[in-house]
Amino acid sequence: MPRPSTWSLVILPFLVLSLAYFAQSYISPLGPAPHLGSGIVLNGITFSSLVGYVQATVMAPFRAPTEVLGGSQAPLTQPEYELLDIFEDADIEEPCDDEANGDVDVDVDPRPRFKRRIVAVGDLHGDLPNAHKVLQMAGVVDEDGFWTGDVDVFVQTGDIIDRGDDTIDLFAWMDNLREQAHGVGGIVISLLGNHEWMNMIGDWRRRYVSSSEIKSFGSISARQEAVTTGWLADLWAANYTTAARLPLHGLLGPPNTDYPPPEDGKYARANAGPLSHAAFSFVHGGLAPTYPNLQPFPSAINNISASLIHKLRSREPQPPPHPPHAYPGLPVGTNREEARLYGSDGPLWYRGWAEGDERRVCAQVDQVLQKTGTRRMVMGHTPNMNSIVARCGGKILIIDT
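Residues numbered from 1 in each chain as written. Predicted model: local features only at pLDDT ≥ 70, side-chain atom pairs only at ≥ 80, totals over all residues. Heavy atoms only, no water.

Trainee: Any details on the overall build of the protein? Residues and values, ideally.
Mentor: Scanning the protein from terminus to terminus reveals 12 helices and 13 strands. Pairs at least 24 residues apart make up 71% of the contacts formed inside the protein by residues separated by at least 6 positions. Surface accessibility of the protein: about 20,000 Å² in total, with carbon and sulfur atoms responsible for 56%. (Helix = DSSP H or I, 4+ residues; strand = E, 2+ residues; numbered from the N terminus. Contact = heavy atoms within 4.5 Å. Areas by Shrake-Rupley, 256 points an atom, 1.4 Å probe, with all protein chains shown as cover.)

Trainee: Kindly report on the packing of aromatic side chains, identifying the contributing residues and their values.
Mentor: For the structure on display, the rule yields four aromatic pairs. The interplanar angle of 85° and the centroid separation of 5.8 Å between the aromatic rings of Tyr-342 and Trp-349 together place this pair among those described as edge-to-face. Classification of Tyr-342 by relative accessible area gives buried; the value is 13%. By the ring-pair criterion, three or more aromatic residues cluster together here, those being Phe-171, Trp-236 and Tyr-240. (Phe/Tyr/Trp six-rings, centres within 6.5 Å; stacked < 30°, edge-to-face > 60°. Buried < 20%, exposed > 50% of the residue type's maximum accessible area, 1.4 Å probe, protein only.)

Trainee: Quick one: what's the story with the pattern of salt bridges, residue by residue and with numbers?
Mentor: Considering all chains together, one arrives at nine salt bridges under this definition. Residues Asp-345 and Arg-340 are paired through a salt bridge, measuring 2.8 Å at the closest nitrogen-oxygen approach. The exposure class of Asp-345 is buried, given its relative accessible area of 12%. Arg-340 sits in the partly exposed class, given a relative accessible area of 33%. (Salt bridge = Lys/Arg side-chain N within 4 Å of Asp/Glu carboxyl O.)

Trainee: Account for unusual backbone geometry, naming residues and giving values.
Mentor: In this model, Tyr-259 is joined to Pro-260 through a cis peptide bond whose omega is -5°. Here Pro-323 and Pro-324 are connected by a cis peptide whose omega angle stands at 10°. As for its position among the elements, Pro-324 is in the loop between α9 (299-313) and α10 (336-341). Positive phi is not limited to glycine here, since His-125 has a value of about 45°. Residue classification places His-125 among the buried residues on the basis of a relative accessible area of 13%. Residues other than glycine seldom take positive phi values, yet Arg-163 does so here, at roughly 70°.

Trainee: I'd like a rundown of the pairing of strand β11 (residues 376-379), residues and numbers included.
Mentor: Here β11 shows a buried face lined by Arg-376 and Val-378 and a second buried face lined by Met-377 and Met-379. Relative to β11, strand β10 (residues 279-283) runs parallel, the two sharing four bridges. Residue pairing for β11: Val-283 is matched across the bridge by Met-379. Summarising the sheet, β11 and strand β13 (residues 396-398) pair through three bridges and their orientation is parallel. Paired with Met-379 across the strands is Ile-398, a residue of β13. (Pairing = 2+ DSSP bridges.)

Trainee: Outline the layout of surface pockets, listing residues and values.
Mentor: Here the second largest pocket is characterised by a volume of approximately 440 Å³. For the lining of the second largest pocket, the secondary structure elements donating two or more residues are α3 (128-137) and α5 (194-201). By residue class, the composition of the lining of the second largest pocket is 10 nonpolar, seven polar and seven charged. (1 Å grid on protein atoms, 1.4 Å probe; cavity = no way out; pocket = protein on both sides within 12 Å on 5 of 7 lines; lining within 4 Å. Points joined across faces, edges and corners; volume = space filled by probe spheres on them. Nonpolar A, V, L, I, M, F, W, Y, C, P; charged D, E, K, R; others polar.)

Trainee: So what's going on with the pairing of strand β9 (residues 243-247)? Residues and values would help.
Mentor: For β9, the tally of buried residues reaches five of five residues, placing the bulk of the element in the interior. Two elements, β9 and β10, share five bridges in a ladder whose sense is antiparallel. By the bridge assignment for β10, Ala-243 is matched with Val-283.

And the structure:
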């Protein structure tokens, strides 16, 4: 018969761990995050399940009896963001468990239910009428084009400019929606696509920039000024980024909270626990596994982006557009990181997640999600004319249709 001191040494660590696990599960509105793994496995028994057994034993005397219609208690599931409605956007919503099988007594789980609706739209390319149809179908705007308040976050992943004639009206509309959303607690996140960057550089290839679109600006010189140093360039510098990270709950920080967070940062503790990867990433092209500046995400990319934009805006004089003039390229003084940002495996041009072999892509995606502190990555750039593309169990969402 083991001595009492021996039993104490065996049981006491599990009591402490189970109490800590219970406290975290009770306090967090999202609960623990089993998607991050179950930990140590010994003889087929996971460490987390062993802790769960001990926790159940410890808490059993304190649990209030529960009664569920139908005669049995429905399992309490963790909130999850699911892809619900697919139009020409990614409409992602967290389901409410109150409508699960049976009416569960509120005393079973006192944590507040949390719901957030996120809509992301890809390349618009100067097409205002179709952009309005898409945003109205998704519930972002009403029939008059005003913010409805039915969406918590709206993300546009770049390439508003080129191909169509409505560039000016589209950017003005996006700016109005940003103000309207802010007024009622909504959020608009705007990204730069490769076409916005091409215009800043001076790359006006004729298959993208039509004479009728140039005419909408008034002249070639008026358009050039707008996209390099004028009103449109000012908008891009002030309200647009190249990458975005959206935490799925306010406790994890506002949009673009870095991962990994600074050790002394306000959200360091929340983002160091089991919910650290409860976020989505958004870029125009993709976050390549080979791209070296993934951390901290997204500020590493956005700081490089801001530096390159500043150098482009500071050129004296601004180069004339190509064609008919020579391709201007990146400005003098561009460093290696800035050139890599605009390279083939940079976040503006990368197509590997859309075009790569399924087996290879799915073997690489977790590495990038881990580095960026996210569950899913959302991108445009590579069109699919039939539907939104979801790969690797929804870890990759490609929304350019």
